[in-house]
Structure formats: C-alpha cells, structure tokens
Amino acid sequence: MARRPLPRILSNGSAQLARSRELARTAADGATDVLHPLITVTRGLRRLAAAGRRKWADTPKDRRGPLFFLAASVVLVVALVPYGPLLAVIALMAAAAWKGHDRPAPAPTGPDEAQGKRLRSLYDALVPYFSAPGDPTPLYEHGGEWDRAFISYDFDDTGRVSRLALRYPAYFTDGEPESRARIEQLLYAKAGRGREYHFAWDEEGNELAVTVLPPLPTDIAAQRFVTAPGETVLGFTDPTDVQRTLPLTYGEEQRDVPPVVWRTGVRSTEPHLLVLGEPGTGATTLLRSVALQALRHGDVLVVDGGGTGEYACLTGREGVLGVECGLAGAVASLEWAAHETERRLVAAGRARQAGHQPPDDVQRPLWILLDRPGALGHVALADGHQDPQSLLQVPLRHGRAANVTVVVAEHFDAVDGLSDAVRQHTRARVVLGPAATDLLEAVLGAPPHTTPVKDLPPGRGYARLGSGPVLRLQVPATPDPYDDATSEAHRQAVLDLLPERTTAVETAVDMEKKATEVGAEAVGVE
C-alpha cells in the first residue's frame, strides 16, 4: 500500500508557523503600545472603584446615610454647573490616569536586616573603647542607637562593610598610637579579615573613616616608563596617595596608573635605597627593574651576594660595568666604586672653582646595586677579610654630590648584619612581603595607614621615601628572562629593555668559551 503524502502545512509549514507567531507577537506589541493610555485609564478606574468600595466598607453603618447624601449633593451640584459633567469626566479620567500609572518601587533608604546586624555588631564592639562611666550623654552605650555614631556606610556584593565613617567621643585618646591600633585591629576583625583597610583619623572633628582598599594591579609588566632623568619608578600605589599618573600598556590596552617615583641625583633628599623582604617576595625583581631604568641614562654596577645568577641577563650589556658574584670580584668592584666617587668629587669641585660645568663622566649617573650583602660579609668573615659593606661608606656618604646612587637589598633574617652606614644613609625604604606592623614601623620609621595582610602576591609591599607617607607598593613584573618559569610575554618585555651587548665583552665571552672547550678537550685526551 503506497504511503500518502503529508499535508503541506505539516511537511513544510514550520517556517510559516514561526513567521505567523512572529507577526502575531509584533501585532500584540503594537496594539499594546497604541492601547497603553486606555489600559492605564482602565487600570486607574478599577483602582479608584476598589478604593471607593474599601472606603464604603470601612465607614460605620450609622454614618453611611450622611455620606451618601453628601455624595448625591456633590453629583447634583456638578450636574447643575455649566460644563460640570464634562469637567467631572475630565477630572475623573485624569485621576484614573494618575492612579493607573505604574510607579517604580522606592529604593531602600536604609540597611537591610543582615546589614543592620553587622552595623549593630560593630557598634557593640566599640562600646567598651568609646565609652566612659561619667559621660552624661554617651554616644556609645550598651543598647544604644548605632545610627547616631555611624555617619555613612557602604556594603560590597558579599554583604561586608566596604566603607564606614563614624564619630567618637572627644575624650578618646586618638593621639596615642596604641589607642588607634586597638580600634583599627578591632574594626579589621569585625568588618572582615583578609582585606586591606585604610584608616583616616580626623582628630579635629573626632571622626574616623574606614575604607576597604582594592588590590593593586599585579599584571603590570616591565616597560619604558614616561619619566624624566633622575626619576625611577619603584612600583605603583593607590590613586588617592599620589598626584601623578603614568600611561602604561596592558597588552593592547592603555591605562593611567599612579606610580611611586623615587628621585635621585644632586638635589635628591633620599639618594639611596634599602629594600627588605623575605625570600621570594620580589626584592631581586625590584633591583632588576631599577637596573633596567638606570641603564637609560647611566652606568650600573651589580654585586650579587647571593650568587644565584639572577642578573645574568645584564652581563656584557652596554652601560653595565660589571656583574660580580664572588667575594674577590665584589671587593674589587666596590673598591673601584669608592675611588670613582672620590674622583668625581674632586673633578666636580675643580670644575665649580673654575666656573665650568662638571665633566660629562661626572654628570653621568653611577648606580651601585648590592643584593644580599650579608652573604658576602659572612664569607669574608670566614676567610678573614673585611666586610664589603665597609667599602660603601664613601659612596653612601658622598654619593649625592658625586651623582652616585646605592641600592641595597637584604632579607629580614640578615638585617642585623647591615652596617651603620647603610642604615643611616638609605632614607628611601621598601619592605616587600608580609610583615608585622611593629617591624614595618621599625624599618620605615612610621606605621602604615592600612592593615597588613598575610597573603600578598610577589612584589607587593610598602614604600616610604624619606619623611613622606607610607605608601602601598606593587613592583612591576620584571622576572629573569633566562628563567624557564618566566612567561613568554614577560621574557620578551625584559629583553626589549636590555641594552645592546658590547663587542669587547662578546669577544671576551667567546674567548672564555673557547678556552673552556680547549681545556675540556685536553682533559679528554689525557
């Protein structure tokens, strides 16, 4: 038996059905737009009728007669007034249109239940610190109103406090660091751990502003920063702490990021830098970044006390005077740096006495980068030699006048081995990695205005230039390009900043390789 074909509407009518549904939906939308005023008026009449019925139902029975008589009188007066019915209909339609209009729900003006509980918890926790037994009108008391003490507040998407401004009594000892530290630690614990909080104390107005700081960007790669000669970018900080931004490249995008700029040279008030941190926190990365920036306008001498080869990419580059890892080479290089500083001082003094500009070789900056001097000092002490740090006394003391800059990086466990000259003349300080507040205050000379956290990315820390404020710092990613763990983008970014290799050094390196190969062949023949 032959199969009968399906009807056309079932075989190829799916497209027609979809088109019909689309036309019907379009027609319905158009009709809704055209009839929207009528729908609004109808909805308003229905609401007015419902309100009238509720009013009639709520009226006691003994008052319904006078109410009905009053309504009838109003209708009669309107009917007798010229154009009264028309005006009544127009007023009724206007009232219905106003009543039927859809109004957005009012935005909540106060905190919800969960946010109110958090604010109540913060208020109750502050009562023992901001209250006194003899206060006649206490601002903080058990069972008091928290909205009298808290001026403003904001919450993040997780429901935790992101910003809080509060008042405190005038008798609170806000001038004592210990009292401030107790309040800051309490708010840090109650508002949510794991975040960095900035505390702004207004001692004149008796107000405290607590703000959760966003994390600093960690995806800033090494690049040529738009700076003047004598300016070095140590890293990047919060936009509210500095009044300057730098245009930076993020892949194919560009952003303006606030930098921490360290100024060196003759007019610098903090000509030398000290970097402290635990292993793996980015101290070597910071020195590598400083070296790449210094090579744009000056000469660099690197002493790698750890001997890890982190500065091998600088060997033989134009402007790099040397990269020393051993004790003998480090001592010889630092002795030359001390004599070079003295020579520059003498040459600059003679030029000024003669009324001339200092020579070009004196004006060209000289950078001495010393990484982990404690390791070299330990080796020197074991061999009975002098500590290489003793050779830094002349560059540290007279480096500003001779245009010589010294940068020292050391681990926390070897801070006691730093010489007095390094401690006294390095007025620019950087601390990388997690550290306690008392340690930060001991190194930087002032406590940070934020709460230190335990988990920090590499290159993250605090910086203070001279007597300036303590700033959060994120060092730009400047890894060793010869490290296998370095990404290709960061490796290429560092290689693009390296100067060209000098011919003499390349020849010396080739001769050394050939000598090594010849020695190996001779050993094989024997």
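Residue positions within a chain follow its written sequence, with the count starting from 1. Only residues with pLDDT of 70 or above have their local features reported here, since the model is predicted, and side-chain atom pairs are shown and tallied only from 80 upward, although totals for entire chains, interfaces and linings are computed over all residues. Remark: hydrogens and water are excluded; side-chain values derive from all non-hydrogen atoms of the structure.

Q: Please give an account of the overall build of the chain that cites residues and values.
A: Going along the chain from the N terminus, every DSSP run of H or I of four or more residues is numbered as a helix, and every run of E of two or more is numbered as a strand. Helix and strand counts for the chain come out as 16 helices and 16 strands. Buried means the residue's accessible area, taken with a 1.4 Å probe over protein chains only, is under 20% of the maximum for its type, while exposed means over 50%, and partly exposed covers the values in between. Going through the 526 residues of the chain one by one, you find that 40% of them count as buried. Throughout, a contact is declared for two residues whenever any of their heavy atoms are within 4.5 Å. Put simply, of all contacts in the chain between residues at least 6 apart along the chain, 64% involve residues at least 24 apart. Reported accessibility uses the Shrake-Rupley method at a 1.4 Å probe radius. Residues are deemed covered only where the shown protein chains occlude them. A total accessible area of about 30300 Å² is found for the chain, and carbon and sulfur atoms account for 56% of it.

Q: Account for the environment of threonine 437, with residues named and values stated.
A: If you trace the backbone, threonine 437 turns up in helix α14 (residues 437-444). With 14 residues separating them along the chain, threonine 437 and threonine 451 place their C-alpha atoms 8.1 Å apart. If we ignore the near neighbours within four places in the chain, the residues touching threonine 437 are Pro447, Pro448 and Pro452.

Q: Kindly report on the pairing of strand β4 (residues 207-213), identifying the contributing residues and their values.
A: Strand residues, when the strand is regular, have side chains that alternate between the two faces of the sheet. Only strands that DSSP links by at least two bridges are regarded as paired with each other. Sheet topology places strand β2 (residues 161-167) next to β4; 5 bridges connect them, and they run antiparallel. Bridge pairing links leucine 164 to valine 210 in β4. Both strand β3 (residues 196-202) and β4 contribute to a ladder of 7 bridges, which runs antiparallel. Each residue of the ladder has a partner; that of histidine 198, found in β4, is threonine 211.

Q: Explain the side chain of aspartate 174 to me, and be specific about the residues and the numbers.
A: Mapped onto the secondary structure, aspartate 174 falls in the loop between β2 and α7 (177-191). In this tally Asp and Glu are treated as negative and Lys and Arg as positive; neither His nor the chain ends contributes. For this analysis, a salt bridge means a side-chain nitrogen from Lys or Arg found within 4 Å of a carboxyl oxygen belonging to Asp or Glu. Arginine 180 is the oppositely charged side chain nearest to the buried, salt-bridge-free aspartate 174, at an N-O distance of 5.7 Å. Engagement of the side chain of aspartate 174 in a polar contact is seen with the side chain of tyrosine 168, the distance being 2.7 Å. Contact partners of aspartate 174, with chain neighbours within four places excluded, come to Tyr168, Arg180, Trp201, Glu203 and Asn206. Throughout this description, a polar contact denotes any pair of N or O atoms lying within 3.5 Å of each other; where both atoms belong to protein, one of them has to be capable of donating a hydrogen while the other can accept it, and for residues adjacent in sequence the pair is counted only when both atoms sit in side chains.

Q: Residues and numbers for the side chain of threonine 451, please.
A: Summarising the element assignment, threonine 451 is placed in the loop between α14 and β15 (460-465). What makes threonine 451 buried here is its relative accessible area of 8%. Side-chain polar atoms of threonine 451 contact the backbone nitrogen of tyrosine 197, separated by 3.2 Å. When near neighbours in sequence (up to four residues on either side) are disregarded, threonine 451 contacts Tyr188, Arg195, Glu196, Tyr197, Phe199 and Tyr462.

Q: Before we move on, could you go through the sheet that holds β2 and cite the residues and values that matter?
A: Reading across the sheet, the 4 strands line up as β1-β2-β4-β3 and stay open at both edges, with antiparallel pairing between neighbours. Each edge of the open sheet is held by one strand with a lone partner, namely β1 (150-155) and β3. The average angle at which neighbouring strand axes cross in this sheet is 10 degrees, direction not considered. Throughout, an axis means a line fitted to C-alpha atoms (over the contacting stretch in the case of helices), and angles, computed between N-to-C directions, take values from 0 to 180 degrees. Its contacts with the sheet place α7 against β2, β3 and β4, and it is angled at close to 140 degrees to β3.

Q: Tell me about a nonpolar patch on the surface, and name the residues and values.
A: Residues enter patches when they are more than 30% accessible in relative terms and free of salt bridges; like-charged ones are connected within 9 Å and nonpolar ones (Val, Leu, Ile, Met, Phe, Trp, Tyr) within 5 Å. Taken together, the side chains of Trp56, Leu67, Phe68, Leu70 and Val74 present a nonpolar region at the surface, about 490 Å² in accessible area. With respect to the helices, strands and loops of the structure, valine 74 is situated in helix α4 (residues 61-80).

Q: Residues and numbers for the packing of aromatic side chains, please.
A: Classification of ring pairs uses Phe, Tyr and Trp, with its six-membered ring standing for Trp, and accepts pairs whose centres are within 6.5 Å; under 30 degrees between planes counts as stacked, over 60 as edge-to-face, and the remaining range as tilted. Counted under the stated rule, the structure contains 15 aromatic pairs. Each ring, one from phenylalanine 130 and one from tyrosine 168, has its centre 5.7 Å from the other, and the planes form 25 degrees; the classification is stacked. Of this pair, phenylalanine 130 sits in the loop between α6 (113-126) and β1 while tyrosine 168 is found in the loop between β2 and α7, placing the two residues 38 residues apart along the sequence. Aromatic pair tyrosine 168 and phenylalanine 172: ring centres 5.6 Å apart, planes at 75 degrees, arrangement edge-to-face.

Q: So, the pattern of salt bridges: which residues are in play, and what are the values?
A: Counted according to the given criterion, the structure contains 17 salt bridges. For the salt bridge of arginine 244 with glutamate 231, the shortest nitrogen-to-oxygen distance reads 3.1 Å. Of this pair, arginine 244 sits in the loop between β5 (231-236) and β6 (246-250) while glutamate 231 sits in strand β5; the two residues are 13 residues apart in sequence, bridging distant segments of the chain. For arginine 244, a relative accessible area of 27% puts it in the partly exposed group. The exposure class of glutamate 231 is buried, given its relative accessible area of 16%. With a shortest N-O distance of 3.3 Å, aspartate 361 and arginine 343 are connected by a salt bridge.

Q: Mind laying out α4, listing which residues take part and the relevant values?
A: Expected span of a helix: the number of residues minus one, times 1.5 Å. Under the 1.5 Å per step criterion, the end-to-end length of α4 is 30 Å for 20 residues, consistent within 8% with the ideal 28 Å. For α4, the tally of buried residues reaches only 0 of 20 residues, placing the bulk of the element at the surface.

Q: An account of the nonpolar core is requested, with residue identities and associated values reported.
A: Each nonpolar core is a collection of buried residues, namely Ala, Val, Leu, Ile, Met, Phe, Trp, Tyr and Cys, held together in the definition by side-chain atoms within 4.5 Å. Ranked by internal contacts, the top residues of the largest apolar core, which has 36 residues, are Leu234, Val275, Leu314, Leu369 and Val430. With 7 residues, the single largest contributor to this core is helix α8 (residues 283-294). Ignoring anything within four residues of it in the chain, the contact list for valine 275 reads Ala283, Leu286, Leu287, Val408, Ala409, Glu410, Val430 and Leu432. Membership of the second largest hydrophobic core comes to 34 residues, among which are Val331, Leu391, Val404 and Tyr462.

Q: For helix α9 (residues 327-353), give the residues involved together with the corresponding values.
A: Between its first and last C-alpha atoms α9 spans 39 Å; for 27 residues at 1.5 Å apiece the expected length is 39 Å, and the two agree. Looking one or two residues beyond α9, the residue adopting positive phi is glycine 355, at roughly 80 degrees.

Q: Just give me the short version of a negative patch on the surface, but keep the residues and values in it.
A: A grouping of Glu176, Glu178, Asp438 and Glu441 is seen on the molecular surface, where their side chains present a negatively charged patch. With respect to the element layout, glutamate 441 can be found in helix α14. Where a charge lies is defined by one atom per residue type, namely NZ (Lys), CZ (Arg), CG (Asp) and CD (Glu).

Q: So, the environment of tryptophan 367: which residues are in play, and what are the values?
A: Within the fold, tryptophan 367 resides in strand β12 (residues 366-371). A sequence separation of 36 residues divides tryptophan 367 from asparagine 403, and the C-alpha atoms of the two residues are 8.7 Å apart.

The values reported here are purely geometric and, on their own, carry no functional implication.
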